[in-house]
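If you want the building blocks of each chain, they are given just below.
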Amino acid sequence: MAAFRQRLHPSSWARFLFGPASRGDYTAPVVHKHDDFELASEAELAGFEVETDGQGHHYAVRREDLPKEQV
């Protein structure tokens, strides 16, 4: 019971409650899988153009809202 009353760092409590983190093979390359949701997101974002104002702020504009010479 004394172990519960000790002051532990929050990461120590997480390790105590959930066990050590399993990290897997950190040298393996990351594999990106394109699922239906990701493909739908890419299709939706393709309709936007990134604009930059005079102060360097970036914002998105729908391509159909841009003048025809900018598209």
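Located above this text is the structure these notes cover.
Our subject in this report is the structure included herewith. (Residues numbered from 1 in each chain as written. Predicted model: local features only at pLDDT ≥ 70, side-chain atom pairs only at ≥ 80, totals over all residues. Heavy atoms only, no water.)

**What about the overall build of the chain?**
Put simply, the rule is: Note on conventions: DSSP H or I runs of at least 4 residues are helices, E runs of at least 2 residues are strands, and numbering of each starts at the N terminus. Only protein chains enter the area calculation, which uses a 1.4 Å probe; residues under 20% of their type maximum are buried, those over 50% are exposed, and those in between are partly exposed. Per-residue and other accessible areas follow the Shrake-Rupley method at a 1.4 Å probe size, with only the shown protein chains counted as cover for residues.
A count of helices and strands for the chain gives three helices and two strands. Considering the chain as a whole, with its 71 residues, one finds that 3% of them fall into the buried category. Total accessible area on the chain stands at roughly 7100 Å², and carbon and sulfur atoms take up 56% of it.

**Details of the pairing of strand β1 (residues 48-52)**
Note the threshold: Each pair of strands is called paired provided DSSP finds at least two bridges between the two strands.
Pairing of β1 with strand β2 (residues 58-62) involves five bridges; the strand directions are antiparallel. If you follow Glu51 over to β2, its bridge partner there is Tyr59. Where β1 folds back onto β2 in an antiparallel hairpin, the turn is made up of five residues, including Gly56, whose phi is positive at roughly 90°.

**So, the pattern of salt bridges**
A side chain of one charge can pair with a side chain of the opposite charge when the charged atoms of the two come close. The criterion, for reference: What counts as a salt bridge is simple: a side-chain nitrogen of Lys or Arg found within 4 Å of a carboxyl oxygen of Asp or Glu.
Counted according to the given criterion, the structure contains one salt bridge. Note that Arg63 and Glu49 form a salt bridge whose closest N and O atoms lie 3.1 Å from each other. One end of the pair, Arg63, is in the segment after β2; the other, Glu49, is in strand β1, and 14 residues separate them in sequence. Assessed through its relative accessible area of 39%, Arg63 is described here as partly exposed.

**Re a nonpolar patch on the surface**
The following threshold applies: Residues enter patches when their relative accessible area tops 30% and they take part in no salt bridge; the joining distance is 9 Å for like charges and 5 Å for the nonpolar side chains Val, Leu, Ile, Met, Phe, Trp and Tyr.
Taken together, the side chains of Phe16, Leu17 and Phe18 present a nonpolar region at the surface, about 400 Å² in accessible area. If you trace the backbone, Phe16 turns up in helix α2 (residues 10-18).

**Thoughts on the environment of Ala46**
Along the chain, Ala46 falls in the loop between α3 (36-45) and β1. In the structure, Ala46 is positioned 17 residues away from Arg63 in sequence and 8.8 Å away in space, judged by C-alpha atoms.

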